[in-house]
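So you can see what is in the structure, the chains are spelled out below.
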Amino acid sequence: MNPKSGIMLNELLARFHPSQRRDFYRFLSAKDRENVSQLPVPEDTNIADLMRSDAWMQPIHYSWFVSFLQTIPPTLLLASLPQKQAEAVAKTLESLPEKKPLPRFMQLYLSHSLKNQMQKPHILPENHLLPSALDALLSLTKPQIMHLIDLLGMHDLAADLRQVVDKTLLNKIYAALTQEQLRFLHYCSKQTMLWVPPRLNIAGWDGQKKSLNLLLHKRGLFRLAKALVSEDESLRWHFCRRIDVGRGKILLKLFEEKFDPALAPHFKGQVVHLIRRYQKER
C-alpha cells in the first residue's frame, strides 16, 4: 500500500471508526499494517472538499493551466477551471470565447484529465502531507513567497560584501536597498557561513536597483530550492504550483542538480526563520 492510500485509510478510519481504528489493521498484510501504522492521521480534512472535482486545482497558479490552451479548446478549458483561475487564464487570450456551461460529466472528465496530465498518482493531497517545518510555505500568500525569496538572496549579498572594501561601492549598494533589506542584510552578515556561494560580481553591478533585486531574487530561488530538495516530492509539487510556472520550473530544474544533502538543513533553517516572521505578523 502506498503512502497516499495509507494516509487516506487512516483518515477515513479516524473519522468513522475513531475508537476501533487499529482494529481494522488486522485485515491488512503484516507489511501494510506496519507501514500504515507509522503514517500520520490528518486532523482537519474536509471530506466534502476532498471529493470536489476541482478542489485540487484551487491553490494552483493559473499560469500552469495556460499551456493546455494548445490542446484543449478555450471554451472547454475555462469552463472546467475554478473561477479565479479561469478569469486569469482568460486574460491571456486575444479574444474571449463564448461562455457555455458544461454538463457535469464533462467537467468531471476534464478535471480528471487535467489532473492525470499534471500530477503523478503518488502525489499526496496538501492536507495529507508528511509533517515538515516547510509545510508552512503552503500557507503563505504569493506576495509573501516573493518577499521570502528576495530576502533569502540577501545571504548571498552579505557573503559577497565581506570581500568589498570600496566604500563608494558599498554606499551605492546600501542606497539601493530598502530599510528592511538593510536590516536583514545586517542579520545575514552575523550568521555563520556553512556554504560559500558563487560570487555575485557585485563590482560589475550597473548601479540600478532593479538589476540588483533581480540578481538577489535569483539567488533566493537557489537557496529555496536547496531547502526543499530533501523534502517529500509531494510538498515540492504543491509548492512549485503555488507560484508562477516560470519560477516553478526553475525550482524543478534546480532540484535535479547535484547537491550535498548535508547542507539542506542549513538552507532549510534560513527559510524557516523567514516563515516565522510571517507567522508572527498574523
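Preceding this section is the structure that the text describes.
> If you had to explain the packing of aromatic side chains to someone new, which residues and values would you point to?
What the rule picks out here adds up to 5 aromatic pairs. With a centroid separation of 5.7 Å and an interplanar angle of 55°, the aromatic rings of Phe 259 and Phe 267 are classed as tilted. Among the aromatic residues, those joined into a ring-pair cluster are Trp 195, Phe 222, Phe 259 and Phe 267. One residue, Arg 236, lies across the ring of Phe 255, its end atom 5.0 Å from the ring centre. The ring of Trp 64 has Arg 241 sitting right over it, with the charged end atom 4.5 Å from the ring centre.

> I'd love a proper account of the pattern of salt bridges, names of residues and values included.
The tally for this structure, following the rule as stated, stands at 9 salt bridges. Its salt-bridge partner being Asp 244, residue Lys 142 comes within 3.7 Å of it at the nearest N-O pair. Of this pair, Lys 142 sits in helix α8 (residues 142–152) while Asp 244 is found in the loop between α13 (233–242) and α14 (245–255), placing the two residues 102 residues apart along the sequence. For Lys 142, a relative accessible area of 28% puts it in the partly exposed group. Between Arg 277 and Glu 180 there is a salt bridge; the shortest N-O distance is 3.0 Å. You can see Arg 277 sitting in helix α15 (residues 264–281) and its partner Glu 180 sitting in helix α11 (residues 179–189), a full 97 residues away along the chain. Given a relative accessible area of 26%, Arg 277 falls into the partly exposed group. Judged by its relative accessible area of 27%, Glu 180 is partly exposed. One continuous salt-bridge network, built from bridges that share partners, spans Lys 142, Asp 244 and Arg 247.

> Let's hear about unusual backbone geometry: which residues, and what values?
The residue Asn 201 is not glycine, and still its phi comes out positive at about 55°. Mapped onto the secondary structure, Asn 201 falls in the loop between α11 and α12 (209–228).

> Talk me through the side chain of Arg 219; I want residue IDs and the actual numbers.
You can see Arg 219 is positioned in helix α12. Here Asp 156 takes part through its side chain, which lies 2.8 Å from a polar atom of the side chain of Arg 219. Once residues lying within four places of it in the same chain are set aside, the contact partners of Arg 219 are Gly 153, Asp 156, Pro 197, Pro 198, Arg 199 and Leu 200.

> Break down α12 for me, citing the residues and quoting the values.
At 3.6 residues per turn, the α-helix brings residues three or four places apart onto the same side. A rise of 1.5 Å per residue sets the reference length of α12, with its 20 residues, at 28 Å; its end C-alpha atoms lie 28 Å apart and thus fit the reference within 8%. The set of residues buried in α12 consists of Leu 212, Leu 216, His 217, Arg 219, Gly 220, Leu 221, Arg 223, Leu 224, Ala 225, Lys 226, Ala 227 and Leu 228.

> Requested: an account of the packing of α8 against helix α9 (residues 154–161), with residues and values cited.
α9 packs onto α8 with a crossing angle of 15° between their chain directions and a minimal axis gap of 4 Å. Taken as axis vectors, α8 and α9 run roughly parallel relative to one another. In contact with Asp 150, Leu 151 and Leu 152 of α8, α9 contributes Met 154, His 155 and Asp 156. Taken together, the residues of the contact of α8 with α9 sort by class into 3 nonpolar, 1 polar and 2 charged.

> Please provide a residue-by-residue account of the layout of surface pockets, values included.
Volume-wise, the second largest pocket comes out at about 350 Å³. Every residue lining the second largest pocket is counted, 17 residues in all, and those nearest its centre are Leu 78, Ala 79, Ala 86, Glu 87 and Lys 99. Here the lining of the second largest pocket is composed, by residue class, of 10 nonpolar, 3 polar and 4 charged.

> Could you give an account of helix α7 (residues 104–118), naming the residues involved and the relevant values?
Under the 1.5 Å per step criterion, the end-to-end length of α7 is 21 Å for 15 residues, consistent within 8% with the ideal 21 Å. All of the buried residues along α7 are Leu 110, Ser 111, Leu 114 and Met 118. End-on view of α7: buried residues confined to an arc of 100°, all on one side of the axis. In α7, the exposed positions angled more than 90 degrees off the buried face are occupied by Phe 105 and Tyr 109. On its buried face, α7 sits against α4 (63–66), α5 (74–80) and α13.

> Before we move on, can you summarise the side chain of Asp 244 with the specific residues and values?
Residue Asp 244 is classed as buried on the basis of its relative accessible area of 13%. In this structure Asp 244 touches His 61, Ser 63, Trp 64 and Lys 142, once residues within four positions along its chain are discounted.

> Tell me about the nonpolar core, and please be specific about residues and values.
Counting residues in hydrophobic clusters, the biggest one holds 52 residues, and the most contacted among them are Leu 137, Leu 148 and Leu 157. Mapped by element, the contributors of at least two residues to this core are α8, α9, α10 (167–176), α11, α12, α13, α14 and α15. Top contributing element to this core by residue count: α12, with 7 residues. Not counting the four nearest positions on each side in its chain, Leu 148 is found in contact with Leu 137, Leu 140, Leu 224, Val 271, Leu 274, Ile 275 and Tyr 278.

Analysis parameters
Residues numbered from 1 in each chain as written. Predicted model: local features only at pLDDT ≥ 70, side-chain atom pairs only at ≥ 80, totals over all residues. Heavy atoms only, no water. Phe/Tyr/Trp six-rings, centres within 6.5 Å; stacked < 30°, edge-to-face > 60°. Lys NZ or Arg CZ within 6 Å of the ring centre and 35° of its normal. Salt bridge = Lys/Arg side-chain N within 4 Å of Asp/Glu carboxyl O. Helix = DSSP H or I, 4+ residues; strand = E, 2+ residues; numbered from the N terminus. Buried < 20%, exposed > 50% of the residue type's maximum accessible area, 1.4 Å probe, protein only. Polar contact = N/O pair within 3.5 Å; in protein donor to acceptor, adjacent residues only side chain to side chain. Contact = heavy atoms within 4.5 Å. Expected span 1.5 Å × (residues − 1). Axes fitted to C-alpha atoms, helices over the stretch in contact; angles between N-to-C directions. Parallel < 35°, antiparallel > 145°, perpendicular 65-115°, else oblique. Nonpolar A, V, L, I, M, F, W, Y, C, P; charged D, E, K, R; others polar. 1 Å grid on protein atoms, 1.4 Å probe; cavity = no way out; pocket = protein on both sides within 12 Å on 5 of 7 lines; lining within 4 Å. Points joined across faces, edges and corners; volume = space filled by probe spheres on them. Arc of directions from axis to C-beta. Core = buried A, V, L, I, M, F, W, Y, C linked by side-chain atoms within 4.5 Å.

In short, shape yes, function no, at least from these values alone.
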